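Residues per chain are reported as follows:
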Amino acid sequence: MNLELSEEQTAVRRLAKDFVDREIAPNVVAWDRAEEVDRAVVKKLGEVGFLGLTIDEEYGGSGGDHLAYCLVTEELGRGDSSVRGIVSVSLGLVTKTIQAYGTEEQKREWIPRLTAGEALGCFGLTEPGTGSDAGNLTTRAVRDGDDYVLNGSKMFITNGTWADVVLLFARSTDAPGHKGVSAFLVPADTPGLTRRTIHGKLGLRGQATAELTLEDVRVPATALLGPEGKGFSIAMAALAKGRMSVAAGCVGIAQAALDAAVGYAGEREQFGKSIASYQLVQELISDIAVDVDAARLLTWRVADLIDRGESFATAASQAKLFASEAAVRAANNALQVFGGYGYIDEYPVGKLLRDARVMTLYEGTSQIQKLIIGRALTGVSAF
Ligand SMILES: Cc1cc2nc3c(=O)[nH]c(=O)nc-3n(C[C@H](O)[C@H](O)[C@H](O)COP(=O)(O)OP(=O)(O)OC[C@H]3O[C@@H](n4cnc5c(N)ncnc54)[C@H](O)[C@@H]3O)c2cc1C
């Protein structure tokens, strides 16, 4: 793997950095307090091409490889994980999945609007009773003539109240466990689909997280994405690549923690000297720096494997596991460097810690990542 970025990758990283510094950084505290990022940012993300990375240009995508995607995701994570998550879900889990499994008609219907930021996607897998055990989901899709009728509920859905299309996973056959699950593209304005915002999140407060309820939601059979009964493997394939995106976002959090800690340590004086001169403070900072580099290298490795067409799922779990735990450690260490000021939201590190905390939970908890890695190494599944 060549660790030197190409001219194109360097340019996209610069573009992302400028975008974050101009469009996101000045608003972060206000969006967090308001519990909502300004929705105008979605259109701007589309205009700058960040919602079309890795997507074919014929569908309005902006192309680029997975390393470029990681570089942008990292920068967005450095700026605001709420914004990063909007992109990771709409592009990473929904648009990329439509590109991979959609019919020509489905691609033409959804991808140009999603890449332009004129529409948003959400990923409806988790239910109130099934999180880690997603293969046992209970939402039903019953065939009725040329339609399917959907009933059930979905929990913790990122972009849920903002989305125009739900990539929804439902049980459509009597086959047991994950074998009976199919994927559907459900327009969010379909009658019978209601959405409730979930308030009171520890972090990611700017993001619209929702519970979706489906009561006799009727969609045409053409809403089926991929073959019937293959929905769970479609979901798992989406999440494998999604884990790279989460990991890259975590690198951004850890980098922001490092930048903040170094800056503050250089300014703050105690006992007549800069706190940066104390070895115990330097230890906190060096621990963050090592976490940043290790997480970044594990994440870039996943991008490299994907771009070379190699197997990447275990590497993605390793990157997601390490980077998410590292982001929590890094933000916590940075908060320690800030002392009491770190506990106040005028300073950036408290939010970094709150946002980082969910990264070890969603898109597969740390325990689930360990089971995936363990299964790959031993050949024995714990599920
Ligand atoms: C802010 C936020 C956004 C989210 N966005 C989305 C989204 O867009 N779409 C979506 O579908 N979901 C989303 N989720 C859901 C998320 O993916 C789930 O919360 C996650 O998969 C964990 O499921 P759970 O919360 O039901 O926890 P549970 O599965 O109940 O797990 C509880 C605990 O038990 C452990 N555990 C469970 N099974 C095992 C096992 N076999 N071995 C060892 N330990 C185990 C877990 O690691 C965890 O510590 C989101 C969640 C949050 C909080």
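Everything discussed here concerns the structure shown above.
Attention in this report is confined to the structure presented alongside it.

**Quick look at the overall build of the chain**
Okay, step 1: Assigned secondary structure in the chain consists of 11 helices and 10 strands.
Okay, step 2: Computed over C-alpha atoms, the radius of gyration of the chain comes to 21 Å, within 12% of the 21 Å expected from 2.2 N^0.38 for 383 residues, which places it in the range of a compact globule.
Okay, step 3: When the 383 residues of the chain are sorted by exposure, 55% land in the buried category.
Okay, step 4: Considering only contacts in the chain between residues 6 or more positions apart, those separated by 24 or more positions represent 73%.
Okay, step 5: With 39 positive and 49 negative side-chain charges, the chain shows a separation of 4 Å between the mean positions of the two kinds.

**What to know about the pattern of salt bridges**
Okay, step 1: Counting across every chain of the model gives 23 salt bridges.
Okay, step 2: Salt-bridge contacts for Glu75 lead to Arg78; the nearest nitrogen and oxygen are separated by 2.7 Å. Of this pair, Glu75 and Arg78 both sit in helix H4 (residues 66–79), three residues apart, roughly one helical turn.
Okay, step 3: Sharing partners across several salt bridges, the network here consists of Lys17, Asp21, Glu75 and Arg78.

**Brief notes about the pairing of strand E1 (residues 121–124)**
Okay, step 1: Here E1 shows a buried face lined by Gly121 and Phe123 and a second buried face lined by Cys122 and Gly124.
Okay, step 2: Where E1 and strand E4 (residues 165–171) come together, four bridges link them in parallel fashion. Bridge pairing in E4 places Phe123 opposite Leu167.

**Quick look at the state of the cysteines**
Joining two cysteines, a disulfide is a covalent bond between their sulfur atoms.
Okay, step 1: According to the stated counting rule, one finds zero disulfides in the structure shown.
Okay, step 2: Between Cys70, a cysteine without a disulfide, and Cys250, which holds the nearest cysteine sulfur, the sulfur-to-sulfur distance is 12 Å.

**Things to note about the pairing of strand E2 (residues 140–144)**
Okay, step 1: Where E2 meets strand E3 (residues 147–158), five bridges bridge the pair, whose relative direction is antiparallel. Bridge pairing links Ala141 to Leu150 in E3.
Okay, step 2: Connecting the antiparallel pair E2 and E3 is a turn made up of two residues, with Gly145 showing a positive phi of about 65 degrees.

**Some thoughts on helix H1 (residues 7–24)**
Okay, step 1: With 18 residues, H1 ought to run about 26 Å at 1.5 Å a step, and its terminal C-alpha atoms sit 25 Å apart, in line with that.
Okay, step 2: Taken together, the buried positions of H1 are occupied by Gln9, Val12, Ala16, Phe19, Val20, Glu23 and Ile24. The buried residues of H1 occupy an angular sector of 100 degrees when the element is viewed end-on, so they sit on one face. Exposed side chains of H1 directed beyond 90 degrees from the buried face belong to Glu7 and Arg22.

**Digging into helix H6 (residues 104–116)**
Okay, step 1: With 13 residues, H6 should reach 18 Å at 1.5 Å per residue; the first-to-last C-alpha distance of 18 Å fits that figure.
Okay, step 2: Along its length, H6 shows its largest kink, about 30 degrees, at Trp110, and proline Pro112 lies within four residues downstream of that point.
Okay, step 3: Those residues of H6 that are buried are in contact with helix H3 (40–47), helix H5 (81–101), E1, E4, strand E5 (181–187) and strand E8 (224–225).
Okay, step 4: Backbone geometry just after H6 places Gly117 at a positive phi near 80 degrees.

**Some thoughts on unusual backbone geometry**
Okay, step 1: Although it is not a glycine, Glu35 adopts a positive phi angle of roughly 60 degrees.
Okay, step 2: Structurally, Glu35 is set in the loop between helix H2 (28–34) and H3.
Okay, step 3: One non-glycine residue, Glu363, adopts positive backbone phi at about 55 degrees.
Okay, step 4: Classification of Glu363 as buried rests on a relative accessible area of 13%.

**A closer look at the nonpolar core**
Okay, step 1: By size, the foremost hydrophobic cluster in this structure holds 101 residues, and its most contacted members are Leu76, Phe123, Phe169 and Val337.
Okay, step 2: If one sorts the elements of this core by residue count, helix H7 (residues 231–267) sits on top with 21 residues.
Okay, step 3: Every residue in contact with Val337, bar those within four places of it in the chain, is listed here: Ala261, Tyr264, Ala265, Ile275, Val281, Leu284 and Ile285.
Okay, step 4: In terms of nonpolar packing, the next biggest core, distinct from the first, is built from 20 residues, Cys122, Val166, Phe184 and Val217 among them.

Rules used in this analysis
Residues numbered from 1 in each chain as written. Predicted model: local features only at pLDDT ≥ 70, side-chain atom pairs only at ≥ 80, totals over all residues. Heavy atoms only, no water. Helix = DSSP H or I, 4+ residues; strand = E, 2+ residues; numbered from the N terminus. Rg over C-alpha atoms; globule rule 2.2 N^0.38 Å. Buried < 20%, exposed > 50% of the residue type's maximum accessible area, 1.4 Å probe, protein only. Contact = heavy atoms within 4.5 Å. Lys, Arg positive; Asp, Glu negative; His and termini not counted. Charge placed at Lys NZ, Arg CZ, Asp CG, Glu CD. Salt bridge = Lys/Arg side-chain N within 4 Å of Asp/Glu carboxyl O. Pairing = 2+ DSSP bridges. Disulfide = S-S within 2.5 Å. Expected span 1.5 Å × (residues − 1). Arc of directions from axis to C-beta. Bend = angle between axes of the 7 residues up to and from the residue. Core = buried A, V, L, I, M, F, W, Y, C linked by side-chain atoms within 4.5 Å.

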